Amino acid sequence: MHHGYVLGIDAGGSKTHALIADLEGRVVGWGQSGPGNWEGVGLDGAAAAYAQAVDAALDVAGISRDALIAAGYALAGLDWESDHDRLTPVVTRLGVPGPFILVNDAFGALRAGSADGYGVVVIVGTGSTVAGRNRRGDTFRTFGLGMVWGDFHGATGLVWEATRAIGHAWIGRGPATALTDAFVQAYGAAGLLDLVERVSRGAAPHPDGRLAPLIFATADAGDEVACRIVRQAGEDLGQTAAAVVRKLDLGAEPFDLVLAGGVFRSRNTLLIETLASQVRLESPAVRVVLLEAPPVAGSVLLAFDAAGLPTPPALRERLLAEAHHRFDMLQRGIPQ
């Protein structure tokens, strides 16, 4: 019987999560710190964010570092081969014993959401990234660098489409839309001209991805323009996912299509169905999985992989459910 604990880290552009589990998949420690993408905070800043999250998790677990036997690190900013050399010393500095696996954060989310560790993940937050792994272990991912390099639709892209539609409606170039009133109300403005004047003069913040839920709500209420924007986003993301399916030759077999990131938390049926239907054209047997658990659970599963330990369905389900519960409480600021 193996003894010890495994560690997972999920580091993103806005926060870093650490999770510790025992070898039955029970969550014993968890921690959160600030941004962990080295491209934004530098290598020392990333090291500090990882260390703070790990220390918090060890503290909750009431164990020391040497009780850990393996780790999985899913890190934003691990984009190129050269980044492995850059980030390996950073995670080594944490002093966690045992083998470890180091991947881009998209593959942590895939490992969390996919029952057998392969398939395609579509991550839609502020921006979007699509990544996949096949049974042979080949991987592929989009650049995740925004609209300039082909990943247009995240929350930011949705809001750009909305403000463009609002502008076209005002000019008379496009149909009137309830998005206009929705944005005016969100800003507490007197009307559209007041809103645009304030934004253009720096008296109010530019519309950004945080307004994306307004677009879903307006579409759900039946506004044709909002529906078109959501449908286009679903088609665009679905076509990218279908292309990744082809790259990895996944089409003929059933696999998990994992949907992760803040935009899917709205559970917007129109977005999810439009996206899935594009992938089904390529791959009729695809299974759509909405990732409920935090992606850091995938990092813990990668730690099991690094240690050569199996992750049977019961272990995985327990880990995902407990991680979801813990981080849900953490996000809501509920003492644990």
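Below is a short write-up of the structure. Bear in mind that the values here come from a model prediction, so they are computed numbers and not experimental data. Here the residue numbering is sequential within each chain, running from 1 through the sequence in written order. Per-residue local features of the predicted model are confined to residues with pLDDT of at least 70, and side-chain atom pairs are confined, for both listing and counting, to 80 or more; whole-chain, interface and lining totals are unaffected and use all residues. The side-chain numbers reported here are obtained from all heavy atoms of the structure, hydrogens and water having been left aside.

**Considering the nonpolar core**
Side chains that are nonpolar tend, in soluble globular proteins, to be buried together.
Turning to step 1, where the next piece is worked out: Counting residues in hydrophobic clusters, the biggest one holds 47 residues, and the most contacted among them are Val 120, Val 122, Leu 179 and Leu 257.
Turning to step 2, where the next piece is worked out: What counts as a helix is a DSSP run of H or I of at least four residues, what counts as a strand is a run of E of at least two, and both are numbered from the N terminus. Secondary-structure elements contributing two or more residues to this core are strand 6 (119-124), helix 4 (155-171), helix 5 (179-187), helix 6 (192-200), helix 7 (212-220), helix 8 (224-247), strand 9 (256-260) and helix 9 (269-282).
Turning to step 3, where the next piece is worked out: Per element, the largest residue contribution to this core is 10 residues, and it comes from helix 8.
Turning to step 4, where the next piece is worked out: The residues contacting Leu 257, other than those within four sequence positions of it, are Val 120, Val 122, Ala 241, Leu 275, Val 279, Val 286, Arg 287, Val 288 and Val 289.
Turning to step 5, where the next piece is worked out: Counting 33 residues, the second-largest nonpolar core is a separate cluster that includes Val 6, Leu 110, Phe 304 and Ala 323. Here, nonpolar core refers to any group of buried Ala, Val, Leu, Ile, Met, Phe, Trp, Tyr and Cys residues whose side-chain atoms link them within 4.5 Å. Relative accessibility thresholds used throughout: buried, under 20% of the residue-type maximum; exposed, over 50%; partly exposed, between the two (1.4 Å probe, protein chains only). Contacts were defined at the residue level, with two residues in contact if any of their heavy atoms lie within 4.5 Å.

**Things to note about the pattern of salt bridges**
Note on pairing: side chains with opposite charge can pair once their charged atoms come close.
Turning to step 1, where the next piece is worked out: The term salt bridge refers to a pairing of a side-chain nitrogen on Lys or Arg with a carboxyl oxygen on Asp or Glu at a separation within 4 Å. This model, assessed by the stated rule, comprises 17 salt bridges.
Turning to step 2, where the next piece is worked out: With a shortest N-O distance of 2.9 Å, Asp 305 and Arg 111 are connected by a salt bridge. One end of the pair, Asp 305, is in helix 10 (residues 296-306); the other, Arg 111, is in helix 3 (residues 105-113), with 194 residues separating them in the sequence.
Turning to step 3, where the next piece is worked out: Under the relative-accessibility criterion, Asp 305 is labelled partly exposed at 33%.
Turning to step 4, where the next piece is worked out: Between Arg 280 and Glu 273 there is a salt bridge whose closest N-O contact spans 3.8 Å.
Turning to step 5, where the next piece is worked out: Take Glu 273: its relative accessible area is 42%, and that puts it in the partly exposed class.

**Quick look at the layout of surface pockets**
Turning to step 1, where the next piece is worked out: Looking at the second largest pocket, its volume works out to about 340 Å³.
Turning to step 2, where the next piece is worked out: Lining residues are those with an atom within 4 Å of a point, where the points come from a 1 Å grid over the protein atoms alone and group into cavities, where a 1.4 Å probe fits but cannot get out, or pockets, open sets with protein on both sides within 12 Å along at least five of seven lines. In terms of lining, the second largest pocket is formed by 15 residues, of which the most central are Leu 78, Asp 79, Trp 80, Phe 107 and Arg 141.
Turning to step 3, where the next piece is worked out: Looking at the lining of the second largest pocket, the elements with two or more residues in it are helix 2 (81-92), strand 5 (100-104) and strand 8 (139-141).
Turning to step 4, where the next piece is worked out: If you tally residues by element for the lining of the second largest pocket, the top one is strand 8, at three residues.
Turning to step 5, where the next piece is worked out: Taken together, the residues of the lining of the second largest pocket sort by class into seven nonpolar, four polar and four charged. Grid points are joined across faces, edges and corners, and a volume is the space filled by probe spheres set on the points. Residues are grouped as follows: nonpolar covers Ala, Val, Leu, Ile, Met, Phe, Trp, Tyr, Cys and Pro; charged covers Asp, Glu, Lys and Arg; every other residue, Gly included, is treated as polar.

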